[in-house]
Amino acid sequence: MIRENLELIRAEIPSGVTLVAVSKTKPAHMLQEAYDAGQRIFGENKVQELVDKFGELPEDIEWHMIGHLQSNKVKYIAPFVSLIHAVDSLKLLREINKQAKKNDRIINCLLQFHIAEEESKFGLSFDDGREILESNEFVEMENVSVVGVMGMATFTSDQEQVRDEFRTLENYFNVLKSHYFKFNDSFEHISMGMSGDYKLAIEEGSNMVRIGSSIFGSR
Ligand SMILES: *Cc1c(COP(=O)(O)O)cnc(C)c1O
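Residues numbered from 1 in each chain as written. Predicted model: local features only at pLDDT ≥ 70, side-chain atom pairs only at ≥ 80, totals over all residues. Heavy atoms only, no water.

## Focus: the overall build of the protein
Broken down by element type, the protein carries 10 helices and eight strands. By the compact-globule yardstick of 17 Å for 219 residues, the protein fits well, its C-alpha radius of gyration being 17 Å. For the protein, the C-alpha atoms occupy an extent of roughly 50 × 45 × 35 Å along the three principal directions. Total accessible area on the protein is roughly 10700 Å²; 47% of this is exposed by carbon and sulfur atoms. Distance between charge centroids for the protein: 4 Å, based on 24 positive and 35 negative side chains. (Helix = DSSP H or I, 4+ residues; strand = E, 2+ residues; numbered from the N terminus. Rg over C-alpha atoms; globule rule 2.2 N^0.38 Å. Areas by Shrake-Rupley, 256 points an atom, 1.4 Å probe, with all protein chains shown as cover. Lys, Arg positive; Asp, Glu negative; His and termini not counted. Charge placed at Lys NZ, Arg CZ, Asp CG, Glu CD.)

## Some points on the side chain of Asn5
Assignment of secondary structure puts Asn5 in helix α1 (residues 2–12). By relative accessible area, which is 16% here, Asn5 ends up buried. Sequence-distant contacts of Asn5, that is, excluding residues within four places in its chain, are made with Ser214 and Ile215. (Buried < 20%, exposed > 50% of the residue type's maximum accessible area, 1.4 Å probe, protein only. Contact = heavy atoms within 4.5 Å.)

## Quick look at the packing of α1 against helix α2 (residues 28–36)
Axis separation between α1 and α2 bottoms out at 9 Å; the angle between their running directions is 50 degrees. The angle between α1 and α2 falls in the class oblique. Judged by the sense of rotation from one axis to the other, the crossing of α1 with α2 is right-handed. In this structure, α1 uses Ile2, Arg3 and Leu6 to contact α2, whose residues at the interface are Met30, Glu33, Ala34 and Asp36. Across the contact of α1 with α2, the residue classes tally to four nonpolar, no polar and three charged. (Axes fitted to C-alpha atoms, helices over the stretch in contact; angles between N-to-C directions. Parallel < 35°, antiparallel > 145°, perpendicular 65-115°, else oblique. Left-handed = near helix turned anticlockwise from the far one by under 90°. Nonpolar A, V, L, I, M, F, W, Y, C, P; charged D, E, K, R; others polar.)

## Side note on unusual backbone geometry
Despite not being glycine, Thr25 shows a phi value in the positive range, around 70 degrees. In this fold, Thr25 is placed in the loop between β1 (18–22) and α2.

Have a look at this one:
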């Protein structure tokens, strides 16, 4: 079913939208099946699992860390990760910069903003985000590149609420773009939308969706 699911989703999303196949908790052979169906971008939310799967699967996969990341674990993924979605502090960015430097790389990151109603979800407030981008420390970091924003909507059946939250993130992106990244084309990603809400997210400006259960089945 994985190939069929991927084909259905690909047929639905516009060409400018990047599909991240969220493979957390799924065994390597299922990722291989998606790979054989042409998928090259995979997202995981646990460092150990990401490292294990990186070791087992083809080298041309782009691995995205989509989950909350603790600073003390950055070193394990710094050699190979291609995008870190959930940067929610200057402290974490500092550590990513340090580990990227050790690996002689520039690591792409998204700032995760808190757009949901629920308190439990991680993420920066808009002001926190601006503070990071305006700090001298950030400006001097040479081994991280902030390439966009990420957010998760509230888990609710209220479509209008979800739509509003996605709009909020798109608005944050636009304001940050015009203030800090006007001449920087690499600040271009809005990572929002999962299996249950990606169509809405795309309508509201998402250009990167993170889809798990609709590809691999429920967890
Ligand atoms: C699990 C997860 C997803 C995918 O969720 P599905 O509902 O299975 O599509 C997307 N983003 C993050 C951050 C996740 O942890």
